[in-house]
Amino acid sequence: MKKYILDTNIASLLGGEETKENRKIYEKFYQLDDEDVVMVSIVTLYEATYGLKHSEDEEQQEEIRQNIAYIRKYFEIIPLDLREMELFADLKVLYKKKTGINKKAMKKNDLDILIASTAMAENATLISDDGIFERLSEIEPKFKWENWLN
Amino acid sequence: MQVALNLGTINITNQEVAKFIQNRSIDEIKSMITDFLNNQVNIISNKPTKKKGKWAEVADEMRGTMSSDTVEYLKTCSQEIRSGFELRDYK
């Protein structure tokens, strides 16, 4: 049994019209075993719900509402809890040291590091096309990451 | 319409089998080949076909429920939240 956490962009693309880009995600889904677990971070639901409330297009709102409903129906939602606390702190310190990133730029990565620590706490592979996760997986081998759009 | 199947030249190197075939009529050989082919086709069709998995069903159900514009819009919303989120450093 394998565990995966879909990042927001991947969960959104899964609901999109089929393109050359997201076809690769469908192919991955076709290869999953029934026993595999697919999850999303609570952060993804926060972001999608913000998108829903922020949209002024009724048709678009309905599409996002439907996407949120699918996510809640089929995927396990992972809240933030105490298990991530130390993982997050360690990962942030490590990232800062290894990259020498300045304080201001570092702040933009906090949520990404939080999601990465959720994946580590769940012993799951994070699925994302965001470049920061590739860098994080290089400096912290315990963090597993895959880009299903490649 | 008559359908023909040309199997080309079949070389039988096993002496016993060659002798066995030699002693058969053309019709008997045709019948044996037909039986053999039928048997192969049956074996293939008897193989269990893989059932569509749970996650394939989910992917198919979700596919196309949002327009490309909405997917792009959600991406910008996500980026807005990620870049706007910060853990404040108090002095």
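To be clear, the structure that these remarks concern was listed above.
The structure reproduced in this document is the subject of the present report. This is a predicted model, so every value here is computed, not measured.

### Examining the interface of chain B and chain A
- Counting from both sides, the interface comprises 26 residues of chain B and, opposite them, 36 residues of chain A.
- Contributions of two or more residues to the side of chain B that touches chain A are made by helix 3 (54-62) and helix 4 (68-84) of chain B.
- Counting residues per element, the side of chain B that touches chain A draws most heavily on helix 4 of chain B, which supplies eleven residues.
- The class makeup of the residues in the side of chain B that touches chain A is 13 nonpolar, eight polar and five charged.

### Concerning the packing of helix 2 (residues 20-31) of chain A against helix 3 of chain B
- In contact at an axis separation of 6 Å, helix 2 of chain A and helix 3 of chain B are set at 150° when each is read in the N-to-C sense. Taken as axis vectors, helix 2 of chain A and helix 3 of chain B run roughly antiparallel relative to one another. Residues Tyr26, Phe29 and Tyr30 of chain A of helix 2 of chain A pack against Trp55, Ala56, Val58 and Ala59 of chain B of helix 3 of chain B.
- When its residues are assigned to classes, the contact of helix 2 of chain A with helix 3 of chain B shows seven nonpolar, no polar and no charged.

### Observations regarding the sheet that holds strand 1 (residues 3-6) of chain A
Residues and elements named next belong to chain A.
- An order of 3-2-1-4-5 is seen for the five strands of this open sheet, with the pairing classed as parallel. Looking at the sheet topology across the chains shown, the edges are occupied by strand 3 (76-78) and strand 5 (144-146). Averaged over all pairs of adjacent strands, the angle between strand axes in this sheet comes to 35°, irrespective of strand direction.
- In the sheet, strand 1 pairs with strand 4 (residues 125-127) via three bridges, with the strands oriented parallel. Looking at strand 4, one finds that Ile5 is bridged to Leu126.

Criteria and thresholds
- Residues numbered from 1 in each chain as written.
- Chains lettered and ligands numbered in written order.
- Predicted model: local features only at pLDDT ≥ 70, side-chain atom pairs only at ≥ 80, totals over all residues.
- Contact = placed C-beta atoms within 7 Å.
- Helix = DSSP H or I, 4+ residues; strand = E, 2+ residues; numbered from the N terminus.
- Nonpolar A, V, L, I, M, F, W, Y, C, P; charged D, E, K, R; others polar.
- Axes fitted to C-alpha atoms, helices over the stretch in contact; angles between N-to-C directions.
- Parallel < 35°, antiparallel > 145°, perpendicular 65-115°, else oblique.
- Pairing = 2+ DSSP bridges.

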